[in-house]
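Structural overview for review
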Amino acid sequence: MSFSKQSIITQLEQLRVLPILVTDDVDQAIRCVTTLAENGLPAVEITLRTPNAMTVLREVVKACPTVTVGAGTILTQAQLDAVKETGAAFGISPGITPALAKAAAESGLPYFPGVGGASDLMLALEHGFDVVKLFPSDIVGSTKMAKALGGPFPDVRFCLTGGVTVESTPSLLQQFNVLCVGGSWMCPASLINAGDWTAIAQLAAAAAQAAKK
């Protein structure tokens with residue numbers, strides 16, 4: 001199943017919440033992604049923060065063909081290339097560098113770089129990226145930063161990640177240029193390790209509901 005960047009943006013526009021999954025266990029990852037999708041969150045970012053992350057990503061993509069599975073924490077071109085090989089739908093980075101932005105623009109993989117301010121955003125726009133991750137959102141000013149950047153950059157849309165909670169989600173999403181929010185609160189490591197899929201299902205459903213407020 002191939003995804004266009006526009007189709008992913010449209011889906012995020014509808015869902016408004018992107019779960020961020022950190023796990024190094026393939027079976028747990030598949031079970032978690034399935035649970036999230038069954039409870040209203042059929043798109044997920046799997047981070048590359050664990051040693052086995054590429055394998056996890058590849059297996060989840062295979063096992064969950066109806067879910068939009070992307071990769072987060074892409075820091076290098078080598079990781080970008082490896083992510084593309086897994087069949088992941090999209091890639092996300094916490095920041096932006098000229099080399100990575102160029103490689104991402106040429107790769108054809110739907111990609112969302114991270115920005116922390118105006119200079120980062122100008123670099124993103126130079127390479128054609130007008131949907132970006134604002135990170136760490138709570139540290140750099142969250143919706144205040146999004147609103148301020150909306151002045152000089154009216155066509156840019158943000159995914160806020162960092163410090164987002166189910167309680168803060170509705171108010172964050174009211175900011176006109178916020179496309180979606182991301183976070184791991186609906187699939188915390190403690191619940192994944194405990195295999196508490198019922199609790200994860202409830203948190204996912206609550207997150208999906210918060211996005212509609």
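Provided above is the structure to which this section pertains.
The notes below deal with the structure included here. (Residues numbered from 1 in each chain as written. Predicted model: local features only at pLDDT ≥ 70, side-chain atom pairs only at ≥ 80, totals over all residues. Heavy atoms only, no water.)

A word on the overall build of the protein
If you tally the helices and strands in the protein, you get eleven helices and nine strands. In summary, the protein has a C-alpha radius of gyration of 16 Å against a globular reference of 17 Å for 213 residues, a match within 12%. The principal-axis extent of the C-alpha atoms belonging to the protein is close to 45 × 40 × 25 Å. For the protein, with 213 residues in total, the buried portion stands at 53%. Sequence-distant contacts in the protein: of pairs separated by 6 or more residues, those separated by 24 or more amount to 62%. For the protein, the accessible area works out to roughly 9100 Å², and carbon and sulfur atoms hold 54% of it. (Helix = DSSP H or I, 4+ residues; strand = E, 2+ residues; numbered from the N terminus. Rg over C-alpha atoms; globule rule 2.2 N^0.38 Å. Buried < 20%, exposed > 50% of the residue type's maximum accessible area, 1.4 Å probe, protein only. Contact = heavy atoms within 4.5 Å. Areas by Shrake-Rupley, 256 points an atom, 1.4 Å probe, with all protein chains shown as cover.)

Considering helix α11 (residues 197-210)
Note on helix geometry: an α-helix contains 3.6 residues per turn, so any two residues three or four positions apart are oriented the same way. When the terminal C-alpha atoms of α11 are compared, their 20 Å separation across 14 residues agrees well with the 20 Å that a helix rising 1.5 Å per residue should span. Among the residues of α11, W197, A199, I200, A201, A204, A207, A208 and A210 are the ones counted as buried. (Expected span 1.5 Å × (residues − 1).)

Let's talk about the side chain of K133
As for its position among the elements, K133 is in strand β7 (residues 131-134). You can call K133 buried: its relative accessible area is 7%. When near neighbours in sequence (up to four residues on either side) are disregarded, K133 contacts E45, I92, S93, P94, P113, G114, V115, C159 and T161.

Some remarks on the side chain of T68
Tracing the sequence through the fold places T68 in strand β3 (residues 68-72). Of the residues examined, T68 reaches a relative accessible area of 2% and is grouped as buried. There is a polar contact of 2.5 Å between the side chain of T68 and the side chain of Q11. Those residues in contact with T68 that sit more than four places away from it in its chain are F3, I8, Q11, P42, A43, V44, A89 and F90. (Polar contact = N/O pair within 3.5 Å; in protein donor to acceptor, adjacent residues only side chain to side chain.)

Here's the deal with the state of the cysteines
Scanning the entire structure with this criterion turns up zero disulfides. Here C159 is not disulfide-linked; the sulfur of C180 is the nearest cysteine sulfur, at 3.3 Å. (Disulfide = S-S within 2.5 Å.)

With respect to the pairing of strand β9 (residues 178-183)
Counting buried positions along β9 gives six out of six residues, so the element sits mostly inside the fold. Where strand β1 (residues 17-21) meets β9, three bridges bridge the pair, whose relative direction is parallel. Considered in β9, the bridge of P19 is made with G183. Bridging between strand β8 (residues 157-161) and β9 involves four bridges; their strand directions are parallel. Each bridged residue has a counterpart across the sheet, and for C159 the counterpart in β9 is C180. (Pairing = 2+ DSSP bridges.)

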